[in-house]
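Residues per chain are reported as follows:
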Amino acid sequence: MSNTSRATAPEEAPVTGGISRKGLSAGTVGLIGAVVIGISCIAPAYTLTAALGPTVSEVGFQVPAIILVGFIPMLLVAFGYRELNRSMPDSGTSFTWAARAFGPWIGWMAGWGLIAATILVLSNLAGIAVEFLFLLIDQLAGSPGTIAALAFNPFINVFVCLLFMLGATLVSYRDMQTTQKLQYVLVSFQLLVLLVFAITAFVQVSQGNAFDASPVELSWFNPFAVGSVGAVVAGLSLSIFIFWGWDVTLTMNEETKDPEKTPGRAATLTVITIVVLYLLLAISLLSFAGIGEGELGLGNPDIQSNVFFYLSGPILGPLAFLVSLAVLTSSASSLQSTFVSPARTLLAMGHYGALPKQFAQVSPRFFTPGYATIAASIVASAFYAIMRFISEDVLWDTITALGMMICFYYGITAFACVWYFRKQWFDSIRMVFFTLVFPLIGGIILGALFFMTLVDSMNPDYGSGSNIGGVGLVFILGVTVIVLGIVIMIWQAVRSPAFFRGETLSLDAPPSLKRR
Amino acid sequence: MSGAIVVGYTATESGADALALGVRLAESLHMRLHVVIVMPSEGRRSAAVPPERAYEAHIRAQGQEWLRTALESVPHEITRSGHVRFGESFASGLVAAGEEFGARMIVVGAANGSRLGRHRLGSVATELLHSSTIPVALAPSGAAKTTAANVPLSRVTAAIGTREGADVLLEEAVSLAAASGGALRLISLVPFDVPPGLDTGAITLVRNAHGDDVLTQARAALPEGVNAEIERASGESVEDAVAHLPWQPGEVVLVGSSRLAQPRRLFLGSTAAKMLHELPVPMIVVPRTRAHDRSDRGY
């Protein structure tokens, strides 16, 4: 008797996954919460200091135009994201969606692109955080330059960066709680400081204290004034990066208190805040510093990979430490959300057998993707350490390569949306736009950006000018990442072919809901 | 004895310890066993991390798998069920589950890294001890591996003091002993204030007199027909006294919550905390006032 009862399920459904009476609506996010998450994920202070310089170097004064134009493909692709997330919510996101639409091989590469992009940004984020940590100590200690300069000693830099990484890994692995209140304070502080920074820059310009006062012109908003297509492409792939993370506000559906309205409103509110802030800062810094190659000019390659680092002092004087603090808190608070993304994709890939099973492990103590988190952290740390020694300007090159990887996996995801919904395209006018037109255009733009950036980056002068044997480092980075992905994919396909035969995640296309 | 036992489970060694103790208690006391995993609810942990229901579903499935595996090891005589719950913290989720199931006791394991056979309070146990409305049983590290895991409850020991709440403690101990058929033992470990500089002989004298007094009162308070061994723990300190007391493998110790606790909530007092370090057997911390009916529990 005991044998049979052991084999069959014990009486009265022994395991429930129920939600206790309080739990049902407890975890949902309101409008402000969603906006705060969106802004935390974008981390505007960090993003802009990392991306403004490289963008100026490509498009000159037309940065505001590029910011505005760059938002278009982002928006179009985000619509596709939203449809996919609504139809098949999965923590594998791009990986799962592309595998469902195009099969295991393309799905695998989309997941790889996402992981590579987030690992690149992790290393850049930590690199920026290190520079600002030293700058902040410098500013508070009142020892102009001496401590800040330590950040550029590669050994000190890599060491501190690894400490940062370790801290971020621990926070993510142990799933440390940060209260909503703290997050609200951090985000408000960040926005406020950036606003003060921009306004002060304008004031300095009007008082004649600017480094290279450049009057604001309407042509700054005209993308056609850039001159070369290559420059626009390079600028755009950077501006994709500055909006990256914004799509989470749109894809939070059931997670919000009012799934019908909250995500849309939160996305709108977030993007207006961000665009206004970016434009204000870009214009103020351009008019303060110009695009010349002088000491503080935004065209100066020495300051371009981290412009706030160099400009906050001259603009804000004694209050410059606020900017350092804002960038530091911005990087720190986005580290956790940044870690979550590759870890969850790795987890999903492990779960479906696209990667070894260990990646699917959930920590029994902290309920986080423990193995995947640690793996992502080790790779990001190693990547940063190696890059620091081979690249002339690690921050710059990682940001440019990052823009390329985002175009790669966002592009695949956009096409996955179009193809997955192919039987539902004409169900309604809404479906025509949101599953066909918008993601298709977005995907084509991102795909074009990816290939054009790839071709341009072969030039040794591309980006920071780092090159190996006369080939641009950014190109080598991009190609290495993709080829490495293909190699690991084939290796995994040989070792455990189930996923690659479509046994764990099959092709799918939901049938039309329209009644004939 | 009716009622249920809630085990705060994780798929770790300390979770296995908790489960082993939960099984022992449920078996000896003839109670239902609810094995509960509490997971952090999405959107609650970090306000910077976008919540994802899909991930929540994933870890829920993982939790159910852990529970299924865990429940396989539970003897069939015990009525049991497993539950995955989401809560702000492990402790608050457990208390909520405990109240929902009308639990007589919540069982958790010692923190990782404690000496084998001893207790060490982890963050979960600490939070639970400061917030629970239900008695909390602490399984010492390694409870799942030692042979004592299969021993039925042989004796219930109550560490009696004179403070408010001793009556509830005594009542609980009597009812546990009766339900399990085990013996009852009363011990006194009461710390007290002596003037500094008093010589050791005098301290011992006062201490013994005090201990005897407490135990005499407790014995008098026992219901008719209930027998109890009385033992006075002697030693230089609480730790010393605990170390010198004889302990049986199948024993559990009941201690009262500190007087600092809010009514009907737990708070581990200093004596209990000191005992915990030396205690080789499970400890059960009992609130100092009892919630007799559910209407006054605030829901």
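Residues numbered from 1 in each chain as written. Chains lettered and ligands numbered in written order. Predicted model: local features only at pLDDT ≥ 70, side-chain atom pairs only at ≥ 80, totals over all residues.

**What to know about the overall build of chain A**
No. 1: Within chain A, the secondary structure is distributed over 18 helices and three strands.
No. 2: Scaling as 2.2 N^0.38, a compact globule of 516 residues should have a C-alpha radius of gyration of about 24 Å, and chain A matches this with 23 Å.
No. 3: With the principal axes as the frame, chain A shows a C-alpha extent of 90 × 50 × 50 Å.
No. 4: Relative to its full complement of 516 residues, chain A shows a buried share of 56%.
No. 5: Partitioning the intrachain contacts of chain A with sequence separation of at least 6 by distance along the chain shows that 78% fall at a separation of at least 24. (Helix = DSSP H or I, 4+ residues; strand = E, 2+ residues; numbered from the N terminus. Rg over C-alpha atoms; globule rule 2.2 N^0.38 Å. Buried ≥ 20, exposed ≤ 12 C-beta atoms within 10 Å, placed from the backbone. Contact = placed C-beta atoms within 7 Å.)

**Looking at the overall build of chain B**
No. 1: Each helix and strand counted, chain B has eight helices and 10 strands in total.
No. 2: Considering chain B as a whole, with its 299 residues, one finds that 52% of them fall into the buried category.
No. 3: Long-range contacts, defined here as pairs at least 24 residues apart, represent 76% of the contacts in chain B between residues at least 6 apart.

**Notes on the pairing of strand β7 (residues 183-188) of chain B**
Residue and element names in this part refer to chain B.
No. 1: Taking burial as the measure, the six residues of β7 include five buried ones, the bulk of the element.
No. 2: The pairing of strand β6 (residues 155-160) with β7 spans six bridges and is parallel. Looking at β7, one finds that Ala159 is bridged to Ile187. (Pairing = 2+ DSSP bridges.)

**Some thoughts on the interface of chain A and chain B**
No. 1: Contact residues are listed per partner, giving 44 residues for chain A and 41 residues for chain B.
No. 2: Among the elements that make up the side of chain A that touches chain B, the one with the highest residue count is helix α14 (residues 320-351) of chain A (six residues).

**Examining the packing of helix α3 (residues 44-59) of chain A against helix α13 (residues 307-316) of chain A**
Residues and elements named next belong to chain A.
No. 1: Two elements in contact, α3 and α13, have axes separated by 8 Å at closest approach and are oriented at 100°. Classified by the interaxial angle, the pair formed by α3 and α13 is roughly perpendicular. Of the residues in α13, those touching α3 at Thr49, Leu52 and Gly53 are Val307, Phe308 and Phe309. (Axes fitted to C-alpha atoms, helices over the stretch in contact; angles between N-to-C directions. Parallel < 35°, antiparallel > 145°, perpendicular 65-115°, else oblique.)

**Comments concerning the pairing of strand β9 (residues 251-256) of chain B**
Residues and elements named next belong to chain B.
No. 1: A large share of β9 lies buried, amounting to six of its six residues.
No. 2: Of the two faces of β9, both are covered, the one formed by Glu251, Val253 and Val255 as well as the one formed by Val252, Leu254 and Gly256.
No. 3: Of the strand pairs in this sheet, β6 and β9 are connected by four bridges, and their pairing is parallel. In the strand pairing of β9, Arg155 is matched with Glu251.
No. 4: By the bridge criterion, four bridges tie β9 to strand β10 (residues 283-286) in an arrangement that is parallel.

**Side note on the confidence of the model for chain B**
All names here are of chain B.
No. 1: When pLDDT is averaged along chain B, the result is 78, and 76% of the positions lie at 70 or above.
No. 2: When pLDDT is averaged over each helix and strand of chain B, the minimum, 68, is found for helix α6 (residues 200-221) and the maximum, 94, for strand β1 (residues 4-8).
No. 3: Every residue in residues 292-299 is under pLDDT 50, and counting partners more than four places away or in other chains gives four contacts.
No. 4: For this predicted complex, the interface confidence reaches an ipTM of 0.81, while the overall pTM sits at 0.85. (pLDDT = per-residue confidence, 0-100.)

**Let's talk about the environment of A:Leu166**
Residues and elements named next belong to chain A.
No. 1: With respect to the helices, strands and loops of the structure, Leu166 is situated in helix α8 (residues 154-174).
No. 2: Judged by the 12 C-beta atoms lying within 10 Å of it, Leu166 falls in the exposed class.
No. 3: Counting along the chain gives 274 residues from Leu166 to Leu440, while the straight-line C-alpha distance between them is 40 Å.

**Structural notes on the environment of B:Pro75**
No. 1: Positionally, B:Pro75 belongs in the loop between α2 (53-72) and β3 (80-87).
No. 2: In the structure, B:Pro75 is positioned 48 residues away from B:Glu27 in sequence and 8.8 Å away in space, judged by C-alpha atoms.

**Observations concerning unusual backbone geometry**
Residue and element names in this part refer to chain A.
No. 1: Even without being glycine, Thr93 reaches a positive phi, approximately 35°.
No. 2: Mapped onto the secondary structure, Thr93 falls in the loop between α4 (63-87) and α5 (94-102).
No. 3: Judged by C-beta crowding, with 26 C-beta atoms within 10 Å, Thr93 ranks as buried.

**With respect to helix α12 (residues 262-289) of chain A**
No. 1: With 28 residues, α12(A) should reach 40 Å at 1.5 Å per residue; the first-to-last C-alpha distance of 40 Å fits that figure.
No. 2: Immediately downstream of α12(A), the backbone of A:Gly290 shows phi near 65°, a positive value. (Expected span 1.5 Å × (residues − 1).)

**What to know about helix α17 (residues 429-456) of chain A**
Residues and elements named next belong to chain A.
No. 1: Taking 1.5 Å as the rise per residue, α17 with 28 residues should run 40 Å; its terminal C-alpha atoms sit 39 Å apart, in good agreement.
No. 2: The sharpest bend along α17 comes to roughly 30°, located at Pro439.
No. 3: Within α17 the residues assigned to the buried category are Phe434, Thr435, Phe438, Pro439, Gly442, Gly443, Ile445, Leu446, Leu449, Phe450, Thr453 and Asp456. (Bend = angle between axes of the 7 residues up to and from the residue.)

**Some points on the nonpolar core**
No. 1: If you look at the biggest cluster of nonpolar residues, it comprises 177 residues, and the most contacted ones within it are A:Ala129, A:Leu285, A:Leu346, A:Met405 and A:Ile406.
No. 2: Of all the elements, helix α6 (residues 104-141) of chain A adds the most residues to this core, at 22 residues.
No. 3: Residues within four places of A:Met405 in sequence aside, it is in contact with A:Gly113, A:Ala116, A:Ala117, A:Leu120 and A:Val481.
No. 4: Counting residues in hydrophobic clusters, the runner-up holds 88 residues, among them B:Ala26, B:Met105, B:Ala143 and B:Ala272. (Core = buried A, V, L, I, M, F, W, Y, C linked by C-beta atoms within 7 Å.)

**Some remarks on the packing of α3(A) against helix α16 (residues 394-420) of chain A**
Residues and elements named next belong to chain A.
No. 1: Look at α3 against α16: their axes get within 10 Å of each other, and the N-to-C directions meet at 85°. Looking at the two axes, α3 sits roughly perpendicular to α16. Residues Ala50, Ala51 and Pro54 of α3 pack against Leu395, Trp396, Ile399 and Thr400 of α16.
No. 2: For the contact of α3 with α16, the per-class residue count stands at six nonpolar, one polar and no charged. (Nonpolar A, V, L, I, M, F, W, Y, C, P; charged D, E, K, R; others polar.)

**Thoughts on the confidence of the model for chain A**
Residues and elements named next belong to chain A.
No. 1: Of all residues in chain A, 94% attain a pLDDT of 70 or more, and the chain-wide mean is 86.
No. 2: The element-level mean pLDDT for chain A is lowest in helix α1 (residues 2-7), coming to 32, with α5 highest at 94.
No. 3: The low-confidence segment residues 1-13 (pLDDT under 50) makes five contacts with residues lying over four places distant or belonging to another chain.

**Section: the environment of A:Val275**
Residue and element names in this part refer to chain A.
No. 1: Inspection of the secondary structure puts Val275 in helix α12.
No. 2: It is 9.9 Å that separates the C-alpha atoms of Val275 and Ile242, two residues lying 33 residues apart in sequence.
No. 3: Discounting chain neighbours no more than four positions away, the residues touching Val275 are Ile67 and Phe71.

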